[in-house]
Protein chains: 2
Amino acid sequence: MANMNIKDFAESLGISTATVSRAIHGSGRVSAATRERVLKSMDELGFTPNLHAQQLVRGRSGMVGLAFPEQGKVLADLFFAALAHAMQQELQDNNLGLMLNLMEREESQENLLKQWACSQAVDALVLVTGTPSASLLARLPQVPTVVIGHAACHQFPHVACVVLDLEQGIRSVARLFVEHGHSSIGYIGNTDDSALAVFRTSLADAGITLKACNVAASGSHPSEGSMAAMRLLQQANRPTAIFARTDMIAMGIFHAASALNLAIPGDLSVAGHDDIDLASWTAPPLSTVQINYKSIASHTVALIKRLLSDHHQLEPVHISTSLVVRETIGSSSTAA
Amino acid sequence: MANMNIKDFAESLGISTATVSRAIHGSGRVSAATRERVLKSMDELGFTPNLHAQQLVRGRSGMVGLAFPEQGKVLADLFFAALAHAMQQELQDNNLGLMLNLMEREESQENLLKQWACSQAVDALVLVTGTPSASLLARLPQVPTVVIGHAACHQFPHVACVVLDLEQGIRSVARLFVEHGHSSIGYIGNTDDSALAVFRTSLADAGITLKACNVAASGSHPSEGSMAAMRLLQQANRPTAIFARTDMIAMGIFHAASALNLAIPGDLSVAGHDDIDLASWTAPPLSTVQINYKSIASHTVALIKRLLSDHHQLEPVHISTSLVVRETIGSSSTAA
DNA sequence: CTGAAAGCGCTTACAG
DNA sequence: CTGAAAGCGCTTACAG
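What comes next concerns the included structure.

### Some details on empty space enclosed by the protein
No. 1: Counted under the stated rule, the structure contains two cavities of 30 Å³ or more.
No. 2: Roughly 90 Å³ of volume is contained in the largest cavity.
No. 3: Taken together, Leu51, His52, Gln55, Met63, Met99 and Ala121 of chain A together with Leu51, His52, Gln55, Met63, Met99 and Ala121 of chain B make up the full set of residues lining the largest cavity.
No. 4: In the lining of the largest cavity, the residues fall into eight nonpolar, four polar and no charged.
No. 5: If you trace the second largest cavity, you find it lined by Asn50 and His52 of chain A together with Gln55, Gly59, Arg60, Ser61, Gln120 and Asp123 of chain B.

In structure tokens, the structure reads:
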């Protein structure tokens, strides 16, 4: 019952290991009869090639490492979960495997990444990070890497980019807020993020100024979102509509609004970003910017494959977003 | 700059590969001076042992595969995220690695599990599943396996169990509902789950009957929770308190309550289970049963290690739960 | 179409 | 304390 190796397996069929190998992989000429016999016997005798031997001889692991640098509790945000899901599906379809890096401390996460790359546990890395940090890339081993972020990065020949174009979705949020008569509008989220700039510009185009006192920095954990919302909403001239950089932050805003007895969308309009699974099921359902996770994953894997076959200087791929309107945006008249 | 192998590395130090290997792993006698020189040179020359060669020669991958069978979108529930997190931390501390199975279709998930085990990509499996399904275990290769569930399973010598004792936490929920004067009480969740039986018994002990019409079957996605809640809450004699089998279901109840204009906890009390990250940040914050994820992870890894060193027939480890009271449970008088 | 043999990069008895 | 050599289980030129 113990695991059988290719030698024993070949012997019991009375053929060579070379033929077994070729039959399994369909490479090189093998007679149809032999191939069939091998394939059938694999099930019967219970032979599966040892992965590590294959990886060693091929000089490839067939694995790609996925990480979300500069994030604390990675999976606490369903955004990451959605992306991880999409990535594993796509990788599997391409005969590749996923190694997910869930380390919490930034340092542990980075160490694991290095360990993976240096020991050749993975062939490539995928980094999901708002603004691709050149210094992180410089610290990491120069393995094929694709960065999923909001801007392209051109410094390194071994890295390709998938650029999540925030513009379209966020513009729609700004437009919709303004169309509903809001003029005191807020933003909660990472303030270094390009999303803030896009939001501010979109508002300006519609004649509205995003005031500094209505911008609150926050990580993407609901607790931080809630605290930031408290600050914004307790001002004399509080915003009547807030754009949350992530849906998780929006959850925090719901919490704060409830504590302050503000109804959504009656007293306060809210829009989120990411369209996580939960967004359709908040009370009321959250209007948010949708991301096509599948599309990101498939482009990412395509880039990895090209990077692995020695292509360099790949053009960034752009993915755009769009707003899904649900029930958290109301008119300002009610609020005022 | 290319990856250097142990032979070249040893040569450039003028020593043998055997000595390098021993210096790195601290096994066998090596002079302190040599060891130090090797360790220092690893950084300088950039040598890291090839993982696949190590795995091949050791006959161990050092990896454990984690899966959540009988679940659809695994990470859509933060419960799984929390557990996956805790597992990777714990494995890392024990020089082991994590392979996370995120396949959606049950069949794909099972296939990946088999592939991992048969190809020796993983040394052991961890299955998180309510009621350990003997048939699944029978279908899977007989590698060391630990099942995290609600009941022990004794059928197989290669599987050990971590039993999540639902009793304590759920009893507290029942007691608290009753203490608040509720008598029409509901349950939403998996109806095959032992949680339902525990809840029913606890209620009975307090003199309350859990009526069949107040029990609604539901998966742990908020959408299902919401639909189930709609059914329960639109009855003539609707429940005034509902226990949700998972926090995600509780999210769905929030959604339904909002649609029906029922205030929580004014008109409806709710308790969840799992204490996911988000539970403290719902509006209002959710009372829910807390699980010690770290403890589960550390016991699981301990069991794996024993299983790997050829121990069999290990006693199940029990982990108990407790209720965290937040703001979703009110008295029935208000509701009535 | 098939087989014998070399080699992937390590570790670990076995000698010394 | 250290080295030469065998071997882990595959794949892939190289012959035939």
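Text resumes after the structure shown.
### A closer look at the packing of helix H2 (residues 17-25) of chain A against helix H3 (residues 32-45) of chain A
Residue and element names in this part refer to chain A.
No. 1: At a closest axis distance of 9 Å, the pairing of H2 and H3 adopts a crossing angle of 85°. Taken together, the axes of H2 and H3 are roughly perpendicular relative to one another. Across from Thr19, Val20, Arg22, Ala23 and Ile24 in H2, the residues of H3 making contact are Thr34, Arg35, Val38, Leu39 and Met42.
No. 2: Classifying every residue of the contact of H2 with H3 by side-chain character gives six nonpolar, two polar and two charged.

### Regarding the protein's contact with DNA strand C
No. 1: Around DNA strand C, the structure places 26 residues, and the nearest of them are Thr19 and Arg22 of chain A together with Ile6, Ser21 and His25 of chain B.
No. 2: Taking the atoms of DNA strand C that fall within 4 Å of the protein, sugar and phosphate contribute 66% of them.
No. 3: His25 of chain B has a polar side-chain atom sitting 3.0 Å from a phosphate oxygen of DNA strand C.
No. 4: Among the elements that line the surface near DNA strand C, the one with the most residues is helix H2 (residues 17-25) of chain B, at five residues.
No. 5: Looking at the surface near DNA strand C residue by residue, the classes come out as 11 nonpolar, 11 polar and four charged.

### Describing the interface of chain A and chain B
No. 1: Contacts between the two partners involve 52 residues from chain A, matched on the other side by 51 residues from chain B.
No. 2: Roughly 4,600 Å² is buried in total at the junction of chain A and chain B, and carbon and sulfur atoms are behind 63% of that figure.
No. 3: Considering only the side of chain A, the residues that lose the most area to chain B are His52, His85 and Trp281 of chain A, jointly responsible for 16% of the buried surface there.
No. 4: One can count zero salt bridges joining chain A with chain B.
No. 5: Here chain A and chain B share 16 residue pairs in polar contact (both at pLDDT 80 or more) between them.
No. 6: Breaking the side of chain A that touches chain B down by element, the ones donating at least two residues are helix H4 (51-58), helix H5 (78-93), strand E2 (97-100), helix H6 (106-118), helix H10 (222-233) and helix H11 (247-259) of chain A.
No. 7: Counted by class, the side of chain A that touches chain B contains 28 nonpolar, 21 polar and three charged residues.

### Observations concerning the nonpolar core
No. 1: Counting residues in hydrophobic clusters, the biggest one holds 166 residues, and the most contacted among them are Phe199 of chain A together with Phe199 of chain B.
No. 2: Leave out the neighbours within four places in its chain, and Phe199 of chain A touches Ile170, Val173, Ala174, Phe177, Ile185, Gly186, Tyr187, Leu210 and Phe243 of chain A.
No. 3: Among the nonpolar cores identified, the runner-up in size contains 46 residues, and Leu112, Leu140 and Val143 of chain A together with Val143 of chain B belong to it.

### Notes on the packing of aromatic side chains
Residues and elements named next belong to chain A.
No. 1: Tallying each qualifying case throughout the model produces 16 aromatic pairs over all chains.
No. 2: Each ring, one from Phe9 and one from Phe47, has its centre 4.7 Å from the other, and the planes form 20°; the classification is stacked. Placement of Phe9 in helix H1 (residues 6-13) and of Phe47 in the loop between H3 and H4 is noted, with a sequence separation of 38 residues between them.
No. 3: Taking the relative accessible area as the measure of exposure, Phe9 reaches 0% and is therefore buried.
No. 4: For the ring pair Phe79 and Tyr293, a centre distance of 6.0 Å and an interplane angle of 55° mean the geometry is tilted. With a gap of 214 residues between them, Phe79 in helix H5 and Tyr293 in helix H12 (residues 293-308) connect regions that are remote in the sequence.
No. 5: The rings of Phe68, Phe79, Phe80 and Tyr293 are connected pair by pair, giving a single aromatic cluster.

### Structural notes on the pattern of salt bridges
No. 1: Applying the stated criterion across every chain, the model contains 14 salt bridges over all chains.
No. 2: Among the salt bridges present, the one from Arg171 of chain A reaches Asp205 of chain A, with a minimum N-O distance of 2.8 Å. Of this pair, Arg171 of chain A sits in helix H8 (residues 167-179) while Asp205 of chain A sits in helix H9 (residues 194-205); the two residues are 34 residues apart in sequence, bridging distant segments of the chain.
No. 3: Classification of Arg171 of chain A by relative accessible area gives partly exposed; the value is 24%.
No. 4: Of the residues examined, Asp205 of chain A reaches a relative accessible area of 53% and is grouped as exposed.
No. 5: A salt bridge links Arg171 of chain B to Glu167 of chain B, with the shortest nitrogen-to-oxygen separation between them at 3.3 Å. Residue Arg171 of chain B and its partner Glu167 of chain B are located together in helix H8 (residues 167-179), separated by four residues, close to a single helical turn.

Cut-off values and rules
Residues numbered from 1 in each chain as written. Chains lettered and ligands numbered in written order. Predicted model: local features only at pLDDT ≥ 70, side-chain atom pairs only at ≥ 80, totals over all residues. Heavy atoms only, no water. 1 Å grid on protein atoms, 1.4 Å probe; cavity = no way out; pocket = protein on both sides within 12 Å on 5 of 7 lines; lining within 4 Å. Points joined across faces, edges and corners; volume = space filled by probe spheres on them. Nonpolar A, V, L, I, M, F, W, Y, C, P; charged D, E, K, R; others polar. Axes fitted to C-alpha atoms, helices over the stretch in contact; angles between N-to-C directions. Helix = DSSP H or I, 4+ residues; strand = E, 2+ residues; numbered from the N terminus. Parallel < 35°, antiparallel > 145°, perpendicular 65-115°, else oblique. Contact = heavy atoms within 4.5 Å. Near = heavy atom within 4 Å. Polar contact = N/O pair within 3.5 Å; in protein donor to acceptor, adjacent residues only side chain to side chain. Buried area = accessible area lost by both parts, 1.4 Å probe. Salt bridge = Lys/Arg side-chain N within 4 Å of Asp/Glu carboxyl O. Core = buried A, V, L, I, M, F, W, Y, C linked by side-chain atoms within 4.5 Å. Buried < 20%, exposed > 50% of the residue type's maximum accessible area, 1.4 Å probe, protein only. Phe/Tyr/Trp six-rings, centres within 6.5 Å; stacked < 30°, edge-to-face > 60°.

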